[in-house]
Amino acid sequence: MSESVLLDLEEAKAIRARNVGCVVKVNRHGFLALRLFWNGMRSWEGTGLPDTPDNRKLAEAAALVISAEIKSKTFDYLKHFPKGNKARLFRPAEESSPSHITVEAYFKGWIKKQAERVRAHRVKDYDIIRRHVLKARIGQQTFGKIALGLLNVSHLQSLQNKLRAKGLKARSVNGIIHSCLRAMLRDARVDGLIKVSLFDRDFFKPLPITDSKPSIDPYTPEERETILEAFRIKRPHYYKFVFFHFWQGPRPSESTALRREDVDLR
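All of these numbers come straight from a predicted model, not from anything done at the bench.

(A) Quick look at the packing of aromatic side chains. Counting across every chain of the model gives ten aromatic pairs. Here the aromatic rings of Phe199 and Phe204 are separated by 5.9 Å at their centres, their planes lie at 55°, and the arrangement is tilted. Just as Phe199 is buried, Phe204 falls in that class too. Here Phe243 and Trp247 contribute two aromatic rings whose centre-to-centre distance is 6.3 Å and whose plane-to-plane angle is 45°, an arrangement assigned as tilted. In this pair, Phe243 and Trp247 are both assigned in helix α11 (residues 236-248), four residues apart and thus about one turn of the helix distant. Relative accessible area serves as the criterion here: at 46%, Trp247 is assigned to the partly exposed category. Taken together, the ring pairs connect Trp38, Phe75, Tyr77 and Phe81 into an aromatic cluster.

Encoded structure:
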């Protein structure tokens, strides 16, 4: 772990331990910035002020006010930082009629378009939405019947809990929600059907991978040579293919997609 990461961790621990919500820092350009920690969130807000004694007094005074408001739970982010890095999370969404197109209806059109955009194996991955997402019950209705314009983070959290309760491993749940479903909802947002960021990590995070092996268990050199020798003798037509994977490390789908023009023999 790098020294900068360790410093960030120590800083966060110190802030929580002292119940302090805001401290003054200096960014890499020599300007003062405010480091905030509140409600489980962290934010780095620039001031545009050079690091001088007078400016530091102003920044430290602002930090004291913000810290007091955070401690008394009266902190209003937009009042202090109307154009801050996290302003989008607190600014009311534009008033407009929410989209009434359901998740299921959008998926049917979206999955057809993917066949023209991505490889067949990726379309097959996306089809997992049909099997595990659309039919999952969220309250009194299935996830697929929820209107895109009414989707919120609590729906995604409930879906994540439902899939986990079905016995799916954390890695599988993350693949379904934070990869496949996220790709679809990202396109729905581009199409103007969703107005908010549903996958902001301050509010909705992937499951921790605690039910998988903590590290890769590669073959030993002896095991590798035994496997290669077996292919060379018993399956010689696959020998070069397996040899290439051991020494270059691609996925089978990547190597089989290679063409002559991808190889520079010279």
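On we go.
(B) Seen up close, the environment of Asp262. Counting through the fold element by element, Asp262 comes out in the segment after α12 (252-256). Within polar-contact distance, the side chain of Asp262 engages the backbone nitrogen of Arg259 at 2.8 Å.

(C) Examining the pairing of strand β1 (residues 22-26) more closely. Pairing between β1 and strand β2 (residues 31-38): five bridges, direction antiparallel. Residue pairing across strands places Val24 opposite Leu34, the latter belonging to β2. Adjacent in sequence and paired antiparallel, β1 and β2 are bridged by four residues, among which Gly30 carries a positive phi angle near 85°.

Procedures and definitions
- Residues numbered from 1 in each chain as written.
- Predicted model: local features only at pLDDT ≥ 70, side-chain atom pairs only at ≥ 80, totals over all residues.
- Heavy atoms only, no water.
- Phe/Tyr/Trp six-rings, centres within 6.5 Å; stacked < 30°, edge-to-face > 60°.
- Buried < 20%, exposed > 50% of the residue type's maximum accessible area, 1.4 Å probe, protein only.
- Helix = DSSP H or I, 4+ residues; strand = E, 2+ residues; numbered from the N terminus.
- Polar contact = N/O pair within 3.5 Å; in protein donor to acceptor, adjacent residues only side chain to side chain.
- Pairing = 2+ DSSP bridges.

Just geometry here; none of it tells us what the structure is for.
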